[in-house]
Amino acid sequence: MAAVAVIGCNSLGLSPIAPEVAHTFGVSVPEAMAGTAAFGLGTSLSALLLARHIDRVGAWRMLRIAFGLLSASLAVTAAAPFVMVLIAAQFSAGAAAGVALPAIYSNAAEIAPKGRETKTVGLMLSGWTLSMVAGVSLSALLADWLHWRVVYLAIFILAAGAFLVLCLSAHRDGRSSESAPSPLAALSIPGVPPLLVACGAFMTAFYGVYAYLGDHLHEGLGLPLGANGMVTLVYGLGFGAATLLDGIEKRVPARLSLPYAFLAVFVVYLLLSAGNGSYGAVLALTFLWGLANHLGLNLLIVRLTALDPARRGTIMGMNSAVTYLATFAGTLGFGPLYALAGFTALTAAAAGLMILASLAAGAPFRSGALKIKLEH
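The structure presented is a predicted model; accordingly, all values stated were derived computationally and were not measured.

**Topic: the overall build of the chain**
Thinking step 1. When helices and strands are tallied, the chain shows 15 helices and zero strands.
Thinking step 2. Within the span of the chain, comprising 376 residues, buried residues form 55% of the whole.
Thinking step 3. Pairs at least 24 residues apart make up 85% of the contacts formed inside the chain by residues separated by at least 6 positions.

In structure tokens:
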């Protein structure tokens, strides 16, 4: 959970302080947000090419290596003299995260008691809540009071502390003697491809809107950077409050409830499209956004890890690759749309992507039901 929180602080931390970063380097906000896009691209490539080696090398050893690289990358980010140095350092940080996250996700599913997979994954996902409530929400205030570089210095200290704990840990994991599977092996597992499509649409919508929400509040509504931190705090509270709903899988299987969770996110984007001109409305809807996103993400991970328990690492590697490719696509792709048509256009586009996510999430269930019907 703590490791997820550190990664979350970095992956979500640039958006609230992007106007200040852009001002420092004399670039536009979309150019500054290229740092988040680079992080997403680095994470995606790393998850695709390196995560498949986790079982062979050992999850704990890979985590130590990943957090060593992450710490160094954050130090360079904090001291970056030019925006291109910041972008390169964030790409390196993404390469570290692309190995760390699949190991954390697959281990969470593996250690979960039978019948409590949703609750265990939900506890692990609370690391994202911790990062948003205690980390990202404070970053805007730190940037306001001190400087945006202090934000990355603080995240570096957290990452270095996690690296030290991992190095001092007596835990030693076993290593598999089998060769690493192909990075695309997960695509041959029934049910995985449509769920990855759903993941891509879901995450592109989130990062595309989140990336420019801070600038919309700062430039569009004329609010201080501290207001961005409050929005992230409220989102984190909604994300955390959703843990109360994690037991829904006991009553409704993830394969049935996941499409409806994505439809709930769709409704939030529609409401945000209509109400983004009011700070009060944005705060209220952001809470619902966090709640719906947590539910969707939790059910998606539970569904993916249940498809083939013997190949969880491979599946979660592809999940991370798609998730952070969506970070890259959402941040860069939504930038020109934001510059041309404003924030409302972003939420409308995100709503359209959530329709795609809901349809894709229901595809494995529909195909399975059709197969049973044909067999009878």
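**Observations regarding the packing of aromatic side chains**
Thinking step 1. Evaluated as defined, the whole model comprises 13 aromatic pairs.
Thinking step 2. Judged by centre distance (5.8 Å) and plane angle (80 degrees), the ring pair of F39 and Y324 falls under edge-to-face. One end of the pair, F39, is in helix α3 (residues 34-49); the other, Y324, is in helix α14 (residues 312-341), and 285 residues separate them in sequence.
Thinking step 3. For F39, a relative accessible area of 1% corresponds to the buried category.
Thinking step 4. Y324 gets classed as buried once you look at its relative accessible area, which sits at 3%.
Thinking step 5. Note on F206 and W289: the rings are 5.5 Å apart at their centroids and 55 degrees apart in plane angle, and the pair reads as tilted. With F206 in helix α9 (residues 192-220) and W289 in helix α13 (residues 279-307), this residue pair connects regions lying 83 residues apart in the sequence.
Thinking step 6. Classification of F206 by relative accessible area gives buried; the value is 6%.

**Comments concerning the environment of A350**
Thinking step 1. Positionally, A350 belongs in helix α15 (residues 343-375).
Thinking step 2. Along the chain, A350 and F202 lie 148 residues apart, while their C-alpha atoms are 8.2 Å from each other.

**Comments concerning the packing of helix α10 (residues 225-241) against α13**
Thinking step 1. Contact pair α10 / α13: the axes reach a minimum separation of 7 Å and the direction vectors enclose 40 degrees. The angle between the axes of α10 and α13 places the two elements in the oblique class. As α10 runs across α13, the sense of the crossing is right-handed. For the pair formed by α10 and α13, the contact residues are A227, M230, V231, V234, Y235, L237, G238, F239 and A241 on the first element and Y279, V282, L283, T286, F287, W289, G290, L291, N293, H294 and L297 on the second.
Thinking step 2. For the contact of α10 with α13, a count of residues per class yields 15 nonpolar, five polar and no charged.

**Concerning the environment of A264**
Thinking step 1. Its place among the elements puts A264 in helix α12 (residues 254-275).
Thinking step 2. Sequence spacing of A264 and W289 is 25 residues, and the spatial spacing of their C-alpha atoms is 8.8 Å.

**A short note on the confidence of the model for the chain**
Thinking step 1. Here the chain averages 80 in pLDDT, while 79% of its residues score no lower than 70.
Thinking step 2. Mean pLDDT per element in the chain: helix α11 (residues 248-251) is the minimum at 56, and α9 is the maximum at 92.
Thinking step 3. Low pLDDT, under 50, characterises residues 367-376; the predicted model gives this stretch zero contacts beyond four residues in sequence or across chains.

**Points about a nonpolar patch on the surface**
Thinking step 1. A cluster of nonpolar side chains, namely L45, L49, L50 and F91, defines an oily patch on the protein surface of about 340 Å² accessible area.
Thinking step 2. Relative to the elements of secondary structure, L49 occurs in helix α3.

**Describing the packing of α9 against α10**
Thinking step 1. Where α9 contacts α10, the two axes come as close as 7 Å, and the packing angle between them is 145 degrees. Like other packed secondary-structure pairs, α9 and α10 cross with a definite hand, here right-handed. Contact with α9, carried on its side by F206, Y210, L213, G214, L217 and H218, involves L225, A227, N228, V231, T232 and Y235 of α10 and no other residues of that element.
Thinking step 2. Counted by class, the contact of α9 with α10 contains eight nonpolar, four polar and no charged residues.

**Focus on the side chain of S46**
Thinking step 1. Tracing the sequence through the fold places S46 in helix α3.
Thinking step 2. For S46, a relative accessible area of 5% translates into the label buried.
Thinking step 3. Every residue in contact with S46, bar those within four places of it in the chain, is listed here: A51, G94, A95, G98 and V99.

**Here we look at α3**
Thinking step 1. Between the first and last C-alpha of α3 there are 22 Å, a value that for 16 residues agrees with the 22 Å anticipated at 1.5 Å per step.
Thinking step 2. Buried residues dominate α3, accounting for 12 of its 16 residues.
Thinking step 3. Within α3, the full set of buried residues consists of A34, G35, T36, A37, A38, F39, G40, G42, T43, S44, S46 and A47.

**Here's the deal with the nonpolar core**
Thinking step 1. If you look at the biggest cluster of nonpolar residues, it comprises 106 residues, and the most contacted ones within it are F67, L70, V209, Y269, W289 and M354.
Thinking step 2. Per-element tally for this core: the top contributor is α9, with 17 residues.
Thinking step 3. Setting aside chain neighbours within four positions, we find Y269 in contact with A205, F206, V209, W289, T347, A350, A351 and M354.

The rules behind each value
- Residues numbered from 1 in each chain as written.
- Predicted model: local features only at pLDDT ≥ 70, side-chain atom pairs only at ≥ 80, totals over all residues.
- Heavy atoms only, no water.
- Helix = DSSP H or I, 4+ residues; strand = E, 2+ residues; numbered from the N terminus.
- Buried < 20%, exposed > 50% of the residue type's maximum accessible area, 1.4 Å probe, protein only.
- Contact = heavy atoms within 4.5 Å.
- Phe/Tyr/Trp six-rings, centres within 6.5 Å; stacked < 30°, edge-to-face > 60°.
- Axes fitted to C-alpha atoms, helices over the stretch in contact; angles between N-to-C directions.
- Parallel < 35°, antiparallel > 145°, perpendicular 65-115°, else oblique.
- Left-handed = near helix turned anticlockwise from the far one by under 90°.
- Nonpolar A, V, L, I, M, F, W, Y, C, P; charged D, E, K, R; others polar.
- pLDDT = per-residue confidence, 0-100.
- Patch = residues over 30% accessible without salt bridge, like charges linked within 9 Å, V, L, I, M, F, W, Y side chains within 5 Å.
- Areas by Shrake-Rupley, 256 points an atom, 1.4 Å probe, with all protein chains shown as cover.
- Salt bridge = Lys/Arg side-chain N within 4 Å of Asp/Glu carboxyl O.
- Expected span 1.5 Å × (residues − 1).
- Core = buried A, V, L, I, M, F, W, Y, C linked by side-chain atoms within 4.5 Å.

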